[in-house]
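Listed here are the chains, written in short residue letters.
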Amino acid sequence: MPTIILTFVSMGWALVMGLLIGVISAVNRNKWQDHAGMLTAISGISVPGFWLGLVLIQIFSVQLGWFPTGGVDSWTSYVLPSITLGAGIMSMLARYSRSSMLETMREDYIRTGRAKGLREFVVVGRHALRNSLIQVVTVAGLQFGFLLGGSVMVETVFSIPGLGRLLVDSISFRDYTVIQALLLMFATQFILINLIVDMLYGVLNPKIRYASK
């Protein structure tokens, strides 16, 4: 259960912040908002997860005392681990969403919408963002599967009794039965996530749904 909660919380904030940074950067291309957003994205990708987790523990747990150093006593126990686990995903989604938005913003229907007098919010939110989500959903689905593997490192750093920690302990004690069961579970979840992503394509783009009939 802690692994599932940690994975969904990490993916949730990473998806929201990644889309927000990517859209703002695309709309304000080559402006200070774009540079600040891409600097944040590059920093999130470059920083190792285990190092980020230790730094967050040192600052927000040891020095400031805002969050616990480990365990799952309350909802505050998931704040630092979710930031550690989702930082890289957020950065990657920000870059992909910016690239996809820039490509979509050059389409003819975007210029037509602006020529018809639609507000910029409607053009960006209803037309550009929705049509650029397919590429973002693809990346998010793949990264969601990798989050399950990344939870091994995060649960070890923050002493969270989840599936990742169980896998590390099983490897240490050479409990091959548990190792095989956990790997099979991770693989099954990865396949199911990719299946859900394929189903979302038809929701986001009706052309794909019609072509499959």
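For the structure given in this document, a descriptive report is provided here.

**Focus: the overall build of the protein chain**
Helix and strand counts for the protein chain stand at ten helices and zero strands. Written out in order from the N terminus, the α and β elements of the protein chain read α-α-α-α-α-α-α-α-α-α. A principal-axis box enclosing the C-alpha atoms of the protein chain has dimensions of 65 × 50 × 25 Å. At a minimum sequence separation of 6, the contacts of the protein chain that also span at least 24 residues come to 71%. For the protein chain, the exposed surface amounts to about 12200 Å²; the carbon and sulfur share of it is 67%. Positive and negative side-chain charges of the protein chain, numbering 16 and 10 respectively, have mean locations separated by a distance of 13 Å.

**Observations regarding the nonpolar core**
Of all hydrophobic cores here, the largest spans 29 residues; its most connected members are L6, M11, I89, L93, L147 and F158. Put simply, the parts of the chain that give this core at least two residues each are α1 (2-27), α2 (32-46), α3 (49-63), α4 (79-105), α7 (133-157) and α9 (176-204). Broken down by element, this core gets its largest block of residues, eight residues, from α7. With residues near it in sequence (within four places) discarded, L147 still touches T7, M11, L85 and I89. The next biggest cluster of nonpolar side chains, apart from the first, holds nine residues, and it includes A26, L102, M105 and A128.

**Some remarks on unusual backbone geometry**
At N30, a position not held by glycine, the phi torsion is positive, near 65 degrees. Not every positive phi belongs to a glycine, and R174 is a case in point at roughly 55 degrees. Note that R174 resides in the loop between α8 (163-172) and α9.

**Some thoughts on the packing of α1 against α4**
It is the contact of α1 with α4, at a shortest axis distance of 6 Å, that shows an interaxial angle of 35 degrees. Handedness of the crossing formed by α1 with α4: right-handed. In the contact of α1 with α4, the residues fall into 21 nonpolar, seven polar and one charged.

**Regarding the side chain of S10**
The residue S10 is located in helix α1 in this model. With a relative accessible area of 0%, S10 lands in the buried category. Here L6 takes part through its backbone oxygen, which lies 2.7 Å from a polar atom of the side chain of S10. A polar atom in the side chain of S10 sits 3.5 Å from the backbone oxygen of S82. Leaving out residues up to four positions away in the same chain, S10 has contacts with P81, S82, L85 and G86.

**Some points on the packing of aromatic side chains**
Scanning the model with the defined rule gives one aromatic pair in all. Both rings, one in F60 and one in W66, keep their centres 5.8 Å apart while their planes meet at 40 degrees; by these two values the pair is tilted. The exposure class assigned to F60 is partly exposed, which follows from its relative accessible area of 25%. For W66, a relative accessible area of 57% puts it in the exposed group.

**What about the environment of A87?**
Position of A87 relative to the elements: it lies in helix α4. Separated by 41 residues in the primary sequence, A87 and S46 have C-alpha atoms spaced 10.0 Å apart. Setting aside residues no more than four positions away along its own chain, A87 makes contact with W13, G44 and L52.

**What to know about α8**
Where α8 is concerned, the buried positions are G164, L167 and S170. Looking down the long axis of α8, one finds its buried residues gathered within 125 degrees of arc, a one-sided arrangement.

**Focus on the pattern of salt bridges**
This model, assessed by the stated rule, comprises one salt bridge. For R98, the salt bridge goes to D34, with nearest N and O atoms at 2.8 Å. Linking R98 in helix α4 with D34 in helix α2, this pair joins segments that are 64 residues apart in sequence. Given the relative accessible area of 2%, D34 is considered buried.

The rules behind these values
Residues numbered from 1 in each chain as written. Predicted model: local features only at pLDDT ≥ 70, side-chain atom pairs only at ≥ 80, totals over all residues. Heavy atoms only, no water. Helix = DSSP H or I, 4+ residues; strand = E, 2+ residues; numbered from the N terminus. Contact = heavy atoms within 4.5 Å. Areas by Shrake-Rupley, 256 points an atom, 1.4 Å probe, with all protein chains shown as cover. Lys, Arg positive; Asp, Glu negative; His and termini not counted. Charge placed at Lys NZ, Arg CZ, Asp CG, Glu CD. Core = buried A, V, L, I, M, F, W, Y, C linked by side-chain atoms within 4.5 Å. Buried < 20%, exposed > 50% of the residue type's maximum accessible area, 1.4 Å probe, protein only. Axes fitted to C-alpha atoms, helices over the stretch in contact; angles between N-to-C directions. Left-handed = near helix turned anticlockwise from the far one by under 90°. Nonpolar A, V, L, I, M, F, W, Y, C, P; charged D, E, K, R; others polar. Polar contact = N/O pair within 3.5 Å; in protein donor to acceptor, adjacent residues only side chain to side chain. Phe/Tyr/Trp six-rings, centres within 6.5 Å; stacked < 30°, edge-to-face > 60°. Arc of directions from axis to C-beta. Salt bridge = Lys/Arg side-chain N within 4 Å of Asp/Glu carboxyl O.

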